[in-house]
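Close look at the chain arrangement
Take a look at the letters that make up each chain.
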Amino acid sequence: MKQFSPGAAAALLLSCVIAVGSVSFLGPCVHVDGSFGSCHWAGQAMLGIGLLLVILSVAGLLVKDGRVRAGILFAAAAAAVLGIFVPGTLINLCGMATMRCRAVMRPAMMLLCALTALSCLLSGIAAYRKAGSKT
Amino acid sequence: MKRGSLAIKNLLRKPGRTAALVILTALLALSVFGGSVVVGSLRQGLNSLESRLGADIIVVPSSAQSKASFQNMLLQGTIGAFYMDGENLDRVREVEGVETAAPQVFLASLKADCCSVKIQVIGFDPETDFFVRPWIEQSHTRELGDLDVVVGCKVEAEVGEILRIYDERCKVVGRLAPTGTGLDTAVYCNLSTMKTLLAAAEEKGVSHKVSSDESDDQISAIYVKVKDGYDIDQVNSKIQGHTRKCSAVRTKSMLTDVSDSLSAISGTVATLIGAVWLLALVILVVAFVMIANERKREFAVLRLLGTSRSMLGGMVLKESALCSLAGGILGVLTASMLVFPFTTLIETSLGLPYLRPSAGTILGLALASLAATVLVGSLASSWASFRLSRVDPGTVLREGN
């Protein structure tokens, strides 16, 4: 029986904010000379991770089998953990802490990814336990 | 059954009601903890600026638009490059009452290595400086060599890294402790390095209103310490009269401006916190009274089963205290997630010195916010608790029929 998962719904919402925010209101610095700094590519990577999280969260909401759903949500949690390390650790950002990529994008993406990972992990554990109790 | 476990079971039995109470109390904790951390950081920033400035008077060129431009440079890290005749330093030193006068030269880099961010370079004289040197000595005890630079904590460069400024390879030899001011975004070097950088800038065709040949004779600011027993205002006026095309600014007046802005922000934050608390308190009292009315029959049955009045009152208080504690923890965590990661954003938005208090102070504020939330939550439920404990089981159960 398919059951609504609030954790997966929360993850979907957060993933949408990651995907949209990384290239708009939470995005990196825009260079006046039209060039792209490494922070731009960090934003693009976050867009990719955000879209992946959206797909996994939707699947986590739609898939009926508890164990498969748990697997999908655990994968989403792993992708979200990867997202925490993208801006600033895996991809360099600008050299000044006051720049938008460091002051806004990095903390926002880390926070959103951490919350997504947590909600995916908790709902994944819940789905796994529920599936285990039925067998 | 223990009253504690009964209270927890009651809360779990009505998850919607419990969640509403938790969210309401979380709002209280969020506002008081978040607000107090922001105000505390602003106060810490002002203290840091006061202790860092050290000078009684700062002399800047009139072209620096008096203190406003210089103040923005100090507070917000706005790039500033303005120059005046180096002779003014000797003129200031000649003024009666001047104990020490230390020059600084400013330079704005075109861009840093990584991106199109400009960096403020500040050159100082290690022999006379009392402004930057004590601060640098906290992290770098040796003398700064040629092309050695020390970076503010907001410049993302590690010790040993090479920073290219106008294609000159400057070695980072130290990172400074945070001050919460615009000084954190600057790079510091001695006057010899500054001369090299000015020459490099000239080669790049970037005019800084000072040629490399004249760099020894051109300075950007003079920090003045007044001898004990002299009136700072009088010395300030004398300096103003002795120097050419310069403005002498009392640091105290600059700090007063900052202090006034801080008071205004503190007042606004306090008003907002007060409004949130008043509103939430009224809602909590009304909510607990409504809950008390809803649970009259339940309490009447418990009374018939032998539960004493004090036990019933205690149970309601315990329920509200548990809700408030959960809400308080949620509120403090939410405020932490909103305030701490976005420290730089808050600082740049406010345009004031902003330095996070120590971990101990933050922990103290968190515990105080939690205690205040639990206390207010318990107080809000005390009337409802009193009314419920006075329930007459017979009357209530007959009314129900």
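Check the entry above for the structure.
Notes on the structure in this doc start here. Keep in mind that what you see is a predicted model, and the values were worked out from it rather than measured.

With that out of the way, let us pick up the sheet that holds strand S6 (residues 162-165) of chain B. All names here are of chain B. Taking strand neighbours across the sheet as the criterion, the nine strands line up as S6-S7-S5-S8-S4-S3-S10-S1-S11 in an open arrangement whose pairing is mixed. Across the chains shown, the open sheet's two edge strands, defined by having one partner strand only, are S6 and strand S11 (246-250). Across the sheet, the mean angle separating the axes of adjacent strands is 30° when strand polarity is ignored. Its contacts with the sheet put helix H4 (residues 87-94) on strand S1 (57-61), strand S3 (98-108), strand S10 (221-226) and S11, and the angle it makes with S3 is roughly 160°. Against the sheet, helix H8 (residues 251-294) contacts S1 and S11, and its axis sits at roughly 65° relative to S11.

The next point concerns the nonpolar core. Ranked by internal contacts, the top residues of the largest apolar core, which has 100 residues, are A:Ala76, B:Ile57, B:Val59, B:Val187, B:Ile222 and B:Val224. Looking at this core, the element that brings in the most residues is helix H4 (residues 100-134) of chain A, giving eleven residues. Among all residues touching A:Ala76, those that are not within four sequence positions of it are A:Ala11, A:Leu53, A:Leu56, A:Ser57, A:Gly60 and A:Cys120. Among the nonpolar cores identified, the runner-up in size contains 38 residues, and B:Ala7, B:Leu317, B:Cys323 and B:Val374 belong to it.

Another aspect to go through is the interface of chain A and chain B. Opposite the 20 residues of chain A that make contact, chain B presents 18 residues. With six residues, the top contributor of residues to the side of chain A that touches chain B is H4(A). Residues belonging to the side of chain A that touches chain B are distributed by class as follows: twelve nonpolar, six polar and two charged.

A few words on the environment of B:Ser263. Within the secondary structure, B:Ser263 is located in helix H8. When the C-alpha positions of B:Ser263 and B:Ser349 are compared, they lie 16 Å apart, and in sequence the two are 86 residues distant.

Residues and elements named next belong to chain B. In this structure, tyrosine 166 is a non-glycine residue whose phi angle is positive, near 50°. The residue tyrosine 166 is located in the loop between S6 and strand S7 (168-175) in this model. A positive phi is found at lysine 245, a non-glycine position, where the angle reads about 50°. Position of lysine 245 among the secondary structure elements: in the loop between helix H7 (232-242) and S11.

Residue and element names in this part refer to chain B. Of the pairings in the sheet, the one linking strand S5 (residues 148-151) to S7 comprises four bridges and is parallel in character. Residue pairing across strands places aspartate 148 opposite lysine 171, the latter belonging to S7. Relative to strand S8 (residues 186-190), S5 runs antiparallel, the two sharing two bridges. Bridging from a neighbouring strand, valine 150 pairs with tyrosine 188 of S8.

What counts as what
- Residues numbered from 1 in each chain as written.
- Chains lettered and ligands numbered in written order.
- Predicted model: local features only at pLDDT ≥ 70, side-chain atom pairs only at ≥ 80, totals over all residues.
- Pairing = 2+ DSSP bridges.
- Helix = DSSP H or I, 4+ residues; strand = E, 2+ residues; numbered from the N terminus.
- Axes fitted to C-alpha atoms, helices over the stretch in contact; angles between N-to-C directions.
- Contact = placed C-beta atoms within 7 Å.
- Core = buried A, V, L, I, M, F, W, Y, C linked by C-beta atoms within 7 Å.
- Buried ≥ 20, exposed ≤ 12 C-beta atoms within 10 Å, placed from the backbone.
- Nonpolar A, V, L, I, M, F, W, Y, C, P; charged D, E, K, R; others polar.

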